[in-house]
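Structural description and commentary
Chain by chain, the residues run as shown.
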Amino acid sequence: MPSLSLSKTEEVILRLLAEHGDLYGLELVERSSGVLKRGTVYVTLGRMVDKGHLRVLAPPRDEVTSGLPRPRYRATALGHRLLDAVDVMLRRKVVAT
Amino acid sequence: MKSELPGQRVLALARRLLSSRDVERVFLPAVADLQHEWLHAREPSLRTPIVLAAHVTLVGLLVRLVLSAAFERALSTSLRAIFFAGLTAGIACVGLAPSAPEAMKRELFFVVLGCASALAATTTRSRWISAAAVPGAVGALLMLLVVACFGIEEGGTRRWLSVGGLSLHVAAWCVAPVVVGIAAALFGNARRGVADVMVVAVGALAVATQDPVPALQILVGSCVAAAMTKQLRLALLAALAMPLFVFAAPSTMSAMEDVPHVTGAFATLAAHHPGWAGFTALALMATLVVPVDSVRALHLSRGPSWERTAAAALASALFVQPALAMRFGDGVHLVAFGGSGVVATFLALAVIGVLVRDASEPDPTVDRAHLAPHP
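Residues numbered from 1 in each chain as written. Chains lettered and ligands numbered in written order. Predicted model: local features only at pLDDT ≥ 70, side-chain atom pairs only at ≥ 80, totals over all residues. Heavy atoms only, no water.

Residue and element names in this part refer to chain B. As defined by bridge partners, strand β2 (residues 157–163) adjoins strand β3 (residues 166–169) across 4 bridges and the pair is classed as antiparallel. Paired with Ser162 across the bridge in β3 is Ser167. Where β2 folds back on β3, the antiparallel hairpin that results is connected by 2 residues, among which Gly164 adopts a positive phi of roughly 55°. (Pairing = 2+ DSSP bridges. Helix = DSSP H or I, 4+ residues; strand = E, 2+ residues; numbered from the N terminus.)

Here it is in structure tokens:
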């Protein structure tokens, strides 16, 4: 069910996806400079998919791998709009101070 | 070569323990990333530390998800148990007035223990109960046999086993396992004869131990389970045997008057509290709340299932004791007939809660994708 709540960790994930495009779970951990932990990122990603903030992309057809197929994550329109809303709030906060 | 990749064993374990949703959404991406990291390690020597570190993460993730799922299951089934526990504990606390006798404190200890056990039991799944049902019933019957042979004899009956200084009323603990075991046996076509044998064994052991009430409970539960599974022969057998135990119950109850740990709590509560009738009514209501609510929930769910049969049978069995208490004016259920039996009753209520929950909601760990109609 879509949800408008956004935690700090979820915000970090949305920013990384907005900045770098589609990413794997491990790539999100590597690019977060220690903010995201490997032990918790997959739970957060699963929750964000449930909330409608992210979409899971199937691996490309031409990707050759002998391991399990790795899902990539992409921010949905709702995810992008939530991030925009957070940015607007932050700007207002800065102007107010 | 896929089986040689790291993480496969933990993934197999996760598939057994977690819901398919948790596996697909959370666990599988973690294992896929581990395998990718392992396959693309810069040097082969780096593979071992990668696997070790990743396995620590995966096991931590697995434990977290298992605990989280158990908590959700407990939360979805514990409301009835909490209500029941609160009401019963309240009744038991009456006995903790300044003049409270030791017997009442003992009752409260068992109520608290029963609450904790029930809450822990609500984290289980109906398929686990199903797997353990028949072996559990056989084990319970063997315990009754041990009581019949080596039990403590008091008031002309042989009902108790001395365990660690406590007198354990074994038959009270056997009601739920035997009823659930009979329901499970009836639901598997190949094991219906086992149910017949169990019912006959219960009757024989009840006569041997002079303990008619738990036997009556088991007969009522068996009769309901047999009727629900259309096993009319067994239903008739159980129904015909019931009057014997109903008529035997009052005489053995009066024989218990000389047994201090049975009548002690009843007598002291009656002596100390003039509102005895009110407590009796409250305790009976508390005992009946869960079965009534469960039967209502079962009525709402659709389709035959093992869970429905076992829950209805167990709920019916739990009706027997308060019904007898009302009929013969016996002591307060769970207070006078308390002791370790309280824990068994609480566990039975938790089992009903789990069965009703899983009868109403499909087990998330069972992959039902193949059951969806093809477009």
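A separate point is the packing of helix α1 (residues 8–20) of chain A against helix α4 (residues 77–96) of chain A. Residue and element names in this part refer to chain A. Where α1 contacts α4, the axes come no closer than 10 Å and their chain directions differ by 110°. Classified by the interaxial angle, the pair formed by α1 and α4 is roughly perpendicular. Contacts from Glu11, Leu14, Arg15 and Ala18 in α1 reach Gly79, His80, Leu83, Val86, Asp87 and Leu90 in α4. Residue composition of the contact of α1 with α4, grouped by class: 5 nonpolar, 2 polar and 3 charged. (Axes fitted to C-alpha atoms, helices over the stretch in contact; angles between N-to-C directions. Parallel < 35°, antiparallel > 145°, perpendicular 65-115°, else oblique. Contact = heavy atoms within 4.5 Å. Nonpolar A, V, L, I, M, F, W, Y, C, P; charged D, E, K, R; others polar.)

On to helix α8 (residues 212–228) of chain B. Residues and elements named next belong to chain B. Taking 1.5 Å per residue, 17 residues should reach 24 Å; α8 reaches 24 Å between its end C-alpha atoms and fits that length. With 14 of its 17 residues buried, α8 lies for the most part within the structure. Lys230 sits one or two residues past α8 and shows a positive phi near 60°. (Expected span 1.5 Å × (residues − 1). Buried < 20%, exposed > 50% of the residue type's maximum accessible area, 1.4 Å probe, protein only.)

So, on to unusual backbone geometry. With a phi angle near 55°, Ser33 of chain A is a residue other than glycine that sits in the positive phi range. Take Ser33 of chain A: it is sitting in the loop between α2 (25–31) and α3 (38–51). Here Ser33 of chain A falls in the exposed class, since its relative accessible area comes to 69%. The phi torsion at Lys230 of chain B lies on the positive side, around 60°, for a residue other than glycine. Structurally, Lys230 of chain B can be placed in the loop between α8 and α9 (232–255). Classification of Lys230 of chain B by relative accessible area gives exposed; the value is 67%.

The next subject is the nonpolar core. Grouped together as the largest cluster of nonpolar side chains are 59 residues, with contacts concentrated most on Val178, Ile182, Trp306 and Leu314 of chain B. Examining the composition of this core, we find that 13 residues originate from one element, helix α6 (residues 170–187) of chain B, more than from any other. Discounting chain neighbours no more than four positions away, the residues touching Leu314 of chain B are Ala176, Val179, Val180, Ala348, Val351 and Ile352 of chain B. Judged by nonpolar contacts, the second largest core, of 39 residues, contains Ile13 and Tyr73 of chain A together with Leu18 and Leu28 of chain B. (Core = buried A, V, L, I, M, F, W, Y, C linked by side-chain atoms within 4.5 Å.)

A few words on the sheet that holds β2 of chain B. Residues and elements named next belong to chain B. Strand order across the open sheet formed by 3 strands is β1-β2-β3, with antiparallel pairing between neighbours. Taken across any chain shown, the strands that pair with only one partner, and hence form the sheet edges, are β1 (152–154) and β3. Direction aside, the axes of adjacent strands within the sheet are offset by 50° on average. Running at roughly 40° to β3, α6 makes contact with β2 and β3 of the sheet.

What follows covers the sheet that holds strand β2 (residues 54–57) of chain A. Residues and elements named next belong to chain A. Reading across from one edge, β1-β3-β2 is the order of the 3 strands in this open sheet, with antiparallel pairing throughout. Looking along the sheet, the strands with just one partner apiece sit at the ends: β1 (23–24) and β2. Bridge analysis of β1 against strand β3 (residues 72–75) gives 2 bridges, and the strand direction is antiparallel. Directly across from Tyr24, in β3, lies its bridge partner Arg72.

A water-sized probe, rolled over the atoms, reveals where empty space remains. Residue and element names in this part refer to chain B. Taken as a whole, the second largest pocket encloses approximately 320 Å³ of empty space. Around the second largest pocket, the lining comprises 16 residues; the ones closest to its centre are Ile129, Ala176, Pro177, Leu347 and Val351. Residue assignment for the lining of the second largest pocket shows that the elements contributing at least two residues are α5 (126–150), α6 and α13 (341–360). In terms of residue count, the dominant contributor to the lining of the second largest pocket is α5 (6 residues). Here the residues of the lining of the second largest pocket are counted per class, giving 14 nonpolar, 2 polar and no charged. (1 Å grid on protein atoms, 1.4 Å probe; cavity = no way out; pocket = protein on both sides within 12 Å on 5 of 7 lines; lining within 4 Å. Points joined across faces, edges and corners; volume = space filled by probe spheres on them.)

This part is about the interface of chain B and chain A. Contact residues are listed per partner, giving 22 residues for chain B and 19 residues for chain A. When the two sides are added together, the surface that chain B and chain A hide from each other amounts to roughly 1800 Å², 59% of it contributed by carbon and sulfur. Among the residues chain B hides against chain A, the three largest losses belong to Arg25, Asp33 and Arg64 of chain B. Together they make up 29% of the total. Taken together, the links from chain B to chain A amount to 4 salt bridges. Between the two partners, chain B and chain A, sit 8 residue pairs in polar contact (both at pLDDT 80 or more). The set of elements that each furnish at least two residues to the side of chain B that touches chain A consists of α1 (8–17), α2 (20–39) and α3 (47–94) of chain B. For the side of chain B that touches chain A, the per-class residue count stands at 12 nonpolar, 4 polar and 6 charged. (Buried area = accessible area lost by both parts, 1.4 Å probe. Salt bridge = Lys/Arg side-chain N within 4 Å of Asp/Glu carboxyl O. Polar contact = N/O pair within 3.5 Å; in protein donor to acceptor, adjacent residues only side chain to side chain.)

The next point concerns α1 of chain B. Residues and elements named next belong to chain B. All buried positions along α1 are accounted for by Val10, Leu11 and Ala14. One side of α1 carries all its buried residues, which in axial view fall inside an arc of 100°. Across α1 from its buried face, at more than 90 degrees, point the exposed residues Arg9 and Arg16. (Arc of directions from axis to C-beta.)

Keep in mind these numbers describe shape, not what the thing actually does.
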